[in-house]
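Residue strings, one per chain:
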Amino acid sequence: MSVDLATVKRVARLARIAVSEEDAERMTGELNGILGFVEQLSEVNVDGVEPMTSVMPMEMKMRADVVTDGNKAEDIVANAPNEDRNFFLVPKVVE
């Protein structure tokens, strides 16, 4: 897969990032280099390799899987500009 100048400009527009023509041309080469590296990684045989969460072997910390009612409704709406009975009040928008 390769990226062309139009794709770089489209992605920049979707991300709402201002990119000059020179930067877009430079990014085209950089993105193609990154995608080339990812393609090389896809060639590596990872059959039988377990997924890792860390480079160091460690046990994941587990917490009890219980349902709790936080009882923090007042704390949550404490900084709300408008609230009523622990619900956020927002202005009605009709277009």
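Computed from a predicted structure; not experimentally measured.

A. Highlighting the pattern of salt bridges. Going through the model one piece at a time under the given rule, you end up with four salt bridges. With its nearest N and O atoms 2.8 Å apart, the salt bridge here joins Glu21 to Lys9. With a gap of 12 residues between them, Glu21 in helix α2 (residues 21-42) and Lys9 in helix α1 (residues 5-14) connect regions that are remote in the sequence. Judged by relative accessible area, Glu21 falls into the partly exposed class, the value being 40%. You can call Lys9 partly exposed: its relative accessible area is 38%. One network of salt bridges, with partners in common, ties together Asp23, Arg26 and Glu30.

B. Structural context of the packing of α1 against α2. In the contact formed by α1 and α2, the axes pass within 9 Å of each other and the chain directions differ by 110°. The orientation of α1 with respect to α2, classified from their angle, is roughly perpendicular. In contact with Leu5, Val8 and Lys9 of α1, α2 contributes Glu21, Ala24, Glu25, Met27, Thr28 and Leu31.

C. Structural detail: unusual backbone geometry. Unlike most non-glycine residues, Asn71 shows phi in positive territory, near 50°. With respect to the helices and strands, Asn71 occurs in the loop between α2 and α3 (73-76). Taking the relative accessible area as the measure of exposure, Asn71 reaches 62% and is therefore exposed. Phi angles above zero are rare outside glycine, and Asn86 is one such case at about 65°. Here Asn86 is to be found in the loop between β1 (83-84) and β2 (87-88).

Conventions and cut-offs
- Residues numbered from 1 in each chain as written.
- Predicted model: local features only at pLDDT ≥ 70, side-chain atom pairs only at ≥ 80, totals over all residues.
- Heavy atoms only, no water.
- Salt bridge = Lys/Arg side-chain N within 4 Å of Asp/Glu carboxyl O.
- Helix = DSSP H or I, 4+ residues; strand = E, 2+ residues; numbered from the N terminus.
- Buried < 20%, exposed > 50% of the residue type's maximum accessible area, 1.4 Å probe, protein only.
- Axes fitted to C-alpha atoms, helices over the stretch in contact; angles between N-to-C directions.
- Parallel < 35°, antiparallel > 145°, perpendicular 65-115°, else oblique.
- Contact = heavy atoms within 4.5 Å.

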